[in-house]
Amino acid sequence: MQVKLQSFLLIAAVVLAGCVGQPGGTAGVGTAGVIITSFSPEVPEVEGGQNVVFLTVIKNVGDVDATNLKADVSGLEDWNNVGKPTFSTTLRGADVARGLEGDEAFGDFSATAPKKEASVTYTPNLRVTYPYSTKSTIQLEFVSREVIRAAPQEQSTAAVTTTGGPFVISVRGKLPPIASGSSVKVPVQLEIQNVGGGRAFLKDTTPSSDNIDKIKLTEEAKGPITAICTKDSDGNVRLTGGKSRIVSCTLTFNSVTAGSKATATLGITLDYDYFIETTTSVTVLKEVK
């Protein structure tokens, strides 16, 4: 799995930005992770009773492999023999270091147009759902207050490494200097942003008002520290408006020596299901009698 690294020195009130996943597609059809690159009928106008093939192509432009992809089509309820697009079991993610793009899959399906007394334009909708994950490693270095007094130019820093996909994780605000002593607590704020052009929901469920925009967040601290990130009452994190969420975390160092620097590694994993969707149009011409 390849990752993209962005390091930002936190000085004054500069906000630390995250590492954005690989772009692709347009809003509404996915911009990161799995995207829909094509959804259209083979011809824009058809006669009633004619069989129509809908061309469907998706691609994984994220860094993480996508499995168990599902597709649903709506808006053709009065058509006959409506098929369903199916895709490969696994779409491998992009390998940036080797210059390899992610896998692409074709899932064409057919349907028979109904006979109509007047011409009707249909706008079928394609929704693609898939489980995905985002992993971020945050390298933090805190300078003690004694160091700041001796060298005001010294500042606490953070470097963020995040896998490409529908979510960006970044550190917000200015990291504080750290106190010396035992059991030293340091607050850190993270911002989670949905940049994938779709919506997330709880893994292994179906989208509903109870689980839409909810993701599972797991934190892991490495070294002589512990980390606790605040979550909602159900143990998950719900995005505001489906777009972003600020999460507060507390790092606790076992001990910090006066006049020194303290380093910490915070791992964040987001697990979720994700869906993207787009529409196309096809006109059924009125029946000639």
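Residues numbered from 1 in each chain as written. Predicted model: local features only at pLDDT ≥ 70, side-chain atom pairs only at ≥ 80, totals over all residues. Heavy atoms only, no water.

**Describing the overall build of the protein chain**
- Each helix and strand counted, the protein chain has one helix and 21 strands in total.
- Across the 289 residues in the protein chain, those meeting the buried criterion constitute 47%.
- Total accessible area computed for the protein chain in this model is approximately 13,500 Å², and 49% of it derives from carbon and sulfur atoms. (Helix = DSSP H or I, 4+ residues; strand = E, 2+ residues; numbered from the N terminus. Buried < 20%, exposed > 50% of the residue type's maximum accessible area, 1.4 Å probe, protein only. Areas by Shrake-Rupley, 256 points an atom, 1.4 Å probe, with all protein chains shown as cover.)

**Here's the deal with unusual backbone geometry**
- With a phi angle near 55°, Asn-81 is a residue other than glycine that sits in the positive phi range.
- Mapping Asn-81 onto the fold places it in the loop between strand E6 (70–74) and strand E7 (90–91).
- Unusually for a residue other than glycine, Ser-183 sits at a positive phi of about 50°.
- When you line up the elements, Ser-183 lands in strand E14 (residues 181–194).
- In this structure Ser-183 comes out as partly exposed when scored by relative accessible area, which is 45%.

**A short note on the confidence of the model for the protein chain**
- Per-residue confidence for the protein chain gives a mean pLDDT of 87; residues scoring 70 or more make up 90%.
- Confidence over residues 1–28 falls short of pLDDT 50; this stretch has 80 contacts with residues more than four positions distant or in other chains. (pLDDT = per-residue confidence, 0-100. Contact = heavy atoms within 4.5 Å.)

**As for the packing of aromatic side chains**
- Inspection of every chain in the model, using the stated rule, returns 12 aromatic pairs.
- Between Tyr-130 and Tyr-274 the ring centres are 6.0 Å apart and the planes differ by 55°, which places this aromatic pair in the tilted class. Separated by 144 residues along the polypeptide, Tyr-130 in strand E11 (residues 125–143) and Tyr-274 in strand E20 (residues 261–279) bring together distant segments of the chain. Note on accessibility: Tyr-130 and Tyr-274 belong to one class, buried.
- Aromatic pair Phe-167 and Tyr-272: ring centres 4.8 Å apart, planes at 65°, arrangement edge-to-face. Remark: Tyr-272 occurs in strand E20 and Phe-167 occurs in strand E13 (residues 167–172); sequence separation between them is 105 residues.
- Residue Phe-167 is classed as buried on the basis of its relative accessible area, which comes to 0%.
- Here a set of aromatic residues connected by ring pairs shows up, and it is made of Phe-39, Phe-54, Trp-79, Phe-109 and Tyr-122. (Phe/Tyr/Trp six-rings, centres within 6.5 Å; stacked < 30°, edge-to-face > 60°.)

**Describing the layout of surface pockets**
- Taken as a whole, the largest pocket spans an internal volume of roughly 270 Å³.
- Lys-70, Thr-129, Phe-201, Thr-205 and Asp-273 are, among the 13 residues lining the largest pocket, the residues nearest its centre.
- At the level of elements, E6 and E11 are the ones that each hand at least two residues to the lining of the largest pocket.
- Here the lining of the largest pocket gets four residues from one element, more than from any other, and that element is E11. (1 Å grid on protein atoms, 1.4 Å probe; cavity = no way out; pocket = protein on both sides within 12 Å on 5 of 7 lines; lining within 4 Å. Points joined across faces, edges and corners; volume = space filled by probe spheres on them.)

**Describing the pairing of strand E4 (residues 51–60)**
- In terms of residue burial, E4 counts as a mostly covered element, since seven of its 10 residues are buried.
- Judged from the seven bridges that link them, strand E2 (residues 34–41) and E4 form a sheet pairing that is antiparallel. Each bridged residue has a counterpart across the sheet, and for Ile-36 the counterpart in E4 is Ile-58.
- Note: E4 against strand E9 (residues 109–112), four bridges, orientation antiparallel. Bridge pairing in E9 places Val-52 opposite Ala-111. (Pairing = 2+ DSSP bridges.)

**A closer look at the nonpolar core**
- Core analysis: the biggest nonpolar cluster contains 62 residues, and Trp-79 and Phe-253 have the highest contact counts within it.
- Top contributing element to this core by residue count: E20, with eight residues.
- Setting aside residues up to four positions removed in sequence, Trp-79 forms contacts with Val-46, Val-52, Phe-54, Ala-111, Thr-112, Ala-113, Pro-114, Tyr-122, Val-282 and Val-284. (Core = buried A, V, L, I, M, F, W, Y, C linked by side-chain atoms within 4.5 Å.)

**Considering the sheet that holds strand E21 (residues 282–285)**
- Strand order in the open sheet formed by three strands is E3-E21-E10, with mixed pairing between adjacent strands. Edge positions in the open sheet fall to strand E3 (45–47) and strand E10 (120–122), since each of these has one partner strand only. Within this sheet the neighbouring strands show an average axis-to-axis angle of 30°, counted without direction.
- The pairing of E3 with E21 spans three bridges and is classified as parallel. In the strand pairing of E21, Glu-45 is matched with Thr-283. (Axes fitted to C-alpha atoms, helices over the stretch in contact; angles between N-to-C directions.)

**Structural notes on the sheet that holds strand E19 (residues 244–256)**
- Taken together, the four strands give an open sheet; going across it, the order is E13-E14-E19-E17, and neighbouring strands pair in antiparallel fashion. The open sheet is flanked by E13 and strand E17 (225–229), the only strands paired with a single partner. Neighbour-to-neighbour, the strand axes of this sheet turn through a mean angle of 25°, independent of strand direction.
- Relative to E19, E17 runs antiparallel, the two being bridged by five bridges. Bridged to Ile-225 within E19 is Phe-253.

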